[in-house]
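The lines below spell out each chain.
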Amino acid sequence: MKALFLAGGMGTRLQPLTDKLPKPMVPIMNKPLLERTMLNLKKCGISEVVISTCYHPEYIKDYFENGTKLNLKIHYIVEDTPMGTGGAIKKAEAYFKEPFVVFNSDILSDIDLKKMMDFHKSKHVLATIAVTEVKDPSMYGVIEYDTNGYALSFKEKPKLGQTLSKSINAGIYIFEPEIFKEIARNRAVSIEKEIFPKLLEEAKKIGVYKSHCYWMDIGTIKKYIQAHKDIIDGKCKLVDCHFNKENISLGKNVKIHPEAKIIGPAYIGDNVTIAANVTIKNSVIGNNVSIAEESYITGSVLWKDVSIGKNVTLANSIVLTNCCVEENTELLDSVYDNELTELDEII
């Protein structure tokens, strides 16, 4: 089974995390979001992927190369200008001759694609859409469907009272190759707003798969931090994220002073040094991080190659790669980057 990753977005709402790299490359538990998704899909039988890029494509290509490191075969498509979800799918037509998966690359999910594919085949449809339930669907594309699992209508960001459905488009699709006939060439096309409604108008059935899996749109900094909390709390199951009975994950070559406290849930990467009287809880620490004496870190995410000075307090904050937080600093609900003139407060 093959997959297409739509990885062309700029990630404006994730700035400053995406000032220097595309959104699919933002680290989740010490690995790019896109890699986390690939590892999960690989577990479900994906062996070959196509990545459609636009914003900073070199970051993605340089990291994944041809896929050998992940035991995958990877191809790349570069959009000179954004072509929309449908346009990107159309541009990848030459790679897909059998049913294939499409995955929005800003989604974190532990969906079982084998089960979704079985559902897709049983429905004998041109397209199947995965849906997830949310409390407030007003910011999403809502799907209404019948008891047999077939779509009835699509409503984009409905106002209160316009729909009873709380099922939203999860950005995960399975298509038959015949879908390419429905998509115009050489122009921007929205698969959600244009193609899906068109299929219903033409009385072509669309399957709706309710997976009950973990799902998070990594669209804002608050959601980015929440996703990490959900992972270390065990709500989202990721490949190679394993925790001990204290709910702590320790990488290789981790040096923890006997007087330091690591309170689970917590994830500590490789080559991390933690000094005396440091407290870490509910946090994710990347590779090659040093944390000096008396520091207190809670509810935070530290990227790789970070240095934390003495008596630093971090709460619900993010420290970006190659940053040095000076001693006696207090960061609350902030994003820290040495190159920023001031802290970006998380809103």
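Everything numeric in this text was worked out from a predicted model, so none of it was measured.

(A) Representation of the overall build of the chain. Along the backbone of the chain there are 6 helices and 28 strands. Its C-alpha atoms put the chain at 65 × 45 × 40 Å along the principal axes. Across the 347 residues that make up the chain, the buried fraction comes to 54%. Taking the contacts inside the chain whose residues are at least 6 apart along the sequence as the reference set, 53% of them involve residues at least 24 apart. Side-chain charges in the chain split into 43 positive and 45 negative, and the spacing between the mean points of these groups amounts to 6 Å.

(B) Focus on the sheet that holds strand β15 (residues 255-256). What the 5 strands build is an open sheet, ordered β15-β17-β19-β22-β25; its pairing is parallel. Of all strands in the sheet, those with a lone pairing partner are β15 and β25 (324-325), marking the two edges.

(C) How the structure looks around the pattern of salt bridges. Taken as a whole and judged by the stated rule, the model has 15 salt bridges. Note that D240 is salt-bridged to R36, the shortest N-O span being 2.6 Å. With D240 in the loop between α6 (221-232) and β14 (248-250) and R36 in helix α1 (residues 33-43), this residue pair connects regions lying 204 residues apart in the sequence. E93 serves as the salt-bridge partner of R185, at 3.3 Å between the closest nitrogen and oxygen. Residue R185 is located in the loop between β11 (167-175) and α5 (191-201), and its partner E93 is located in the loop between α3 (84-91) and β6 (100-104); the two are separated by 92 residues in the primary sequence. With a relative accessible area of 25%, E93 lands in the partly exposed category. By sharing partners, the salt bridges in this structure join E182, K198, E202 and K204 into a single network.

(D) View of the packing of aromatic side chains. Considering all chains together, one arrives at 10 aromatic pairs under this definition. Measuring from ring centre to ring centre gives 5.9 Å for F100 and F175, while their planes differ by 45°; the resulting arrangement is tilted. With a gap of 75 residues between them, F100 in strand β6 and F175 in strand β11 connect regions that are remote in the sequence. Assigned by exposure class, F100 and F175 land together as buried. Ring geometry for F154 against F196: centres 5.6 Å apart, planes inclined by 15°, an arrangement best described as stacked. Residue F154 is found in strand β10 (residues 151-156), and its partner F196 is found in helix α5; the two are separated by 42 residues along the sequence. Among the aromatic residues, ring-to-ring pairing joins F96, F100, F154, Y173, F175, F180 and F196 into one connected group. It is K69 that lies over the ring of Y63; its NZ or CZ is 5.5 Å from the centre. Sitting over the face of the ring of Y150, K123 holds its NZ or CZ atom 5.1 Å from the ring centroid.

(E) Structural detail: the side chain of S153. Residue placement: S153 occurs in strand β10. Within the structure, the side chain of S153 is placed 2.5 Å from the side chain of E144, a separation counted as a polar contact. When residues no more than four places from it in sequence are discounted, the contact partners of S153 are V142, I143, E144 and L200.

(F) View of the nonpolar core. With 87 residues, the main nonpolar core has M38, I51, L108 and Y224 as its most contacted residues. For this core, the element with the highest residue contribution is α6, accounting for 6 residues. Setting aside anything within four residues of it in sequence, one finds M38 in contact with F5, V49, I51, F64, L70, L72 and I74. Judged by nonpolar contacts, the second largest core, of 28 residues, contains L6, I77, A88 and F180.

Rules behind the numbers
Numbering of residues starts from 1 in each chain and follows the order in which that chain's sequence is written. Residue-level local features of this predicted model are given only where pLDDT is at least 70; pairs of side-chain atoms are given and counted only at 80 or more, and the full residue set underlies all totals for whole chains, interfaces and linings. Calculation of side-chain values draws on the structure's entire complement of heavy atoms; hydrogens and water are dropped beforehand. Helical segments are the DSSP runs of H or I of at least four residues, strand segments are the runs of E of at least two, and each set is numbered from the N terminus. A 1.4 Å probe rolled over the protein chains alone gives each residue an accessible area, and that area as a share of the maximum for its type sets the label: buried under 20%, exposed over 50%, partly exposed in between. Contacts were defined at the residue level, with two residues in contact if any of their heavy atoms lie within 4.5 Å. Only four residue types enter the tally: Lys and Arg on the positive side, Asp and Glu on the negative side; His and the chain ends are excluded. By convention, the point assigned to a charge is CZ for Arg, NZ for Lys, CD for Glu and CG for Asp. Two strands qualify as a pair provided that DSSP identifies no fewer than 2 bridges between them. We define a salt bridge as a contact between a side-chain nitrogen of Lys or Arg and a carboxyl oxygen of Asp or Glu at a distance within 4 Å. Stacked, edge-to-face and tilted labels apply to pairs of Phe, Tyr and Trp rings (six-membered ring for Trp) whose centres lie within 6.5 Å, assigned for plane angles under 30 degrees, over 60, and everything in between, in that order. Criterion for a charge above a ring: Arg CZ or Lys NZ at most 6 Å from the ring centre, at most 35 degrees from the ring normal. Residues adjacent in sequence count toward polar contacts only when both atoms are side-chain atoms; beyond that, a polar contact is any pair of N or O atoms within 3.5 Å, and within protein one must be able to donate a hydrogen and the other to accept it. Here, the term nonpolar core denotes a set of buried Ala, Val, Leu, Ile, Met, Phe, Trp, Tyr and Cys residues that are joined through side-chain atoms within 4.5 Å.

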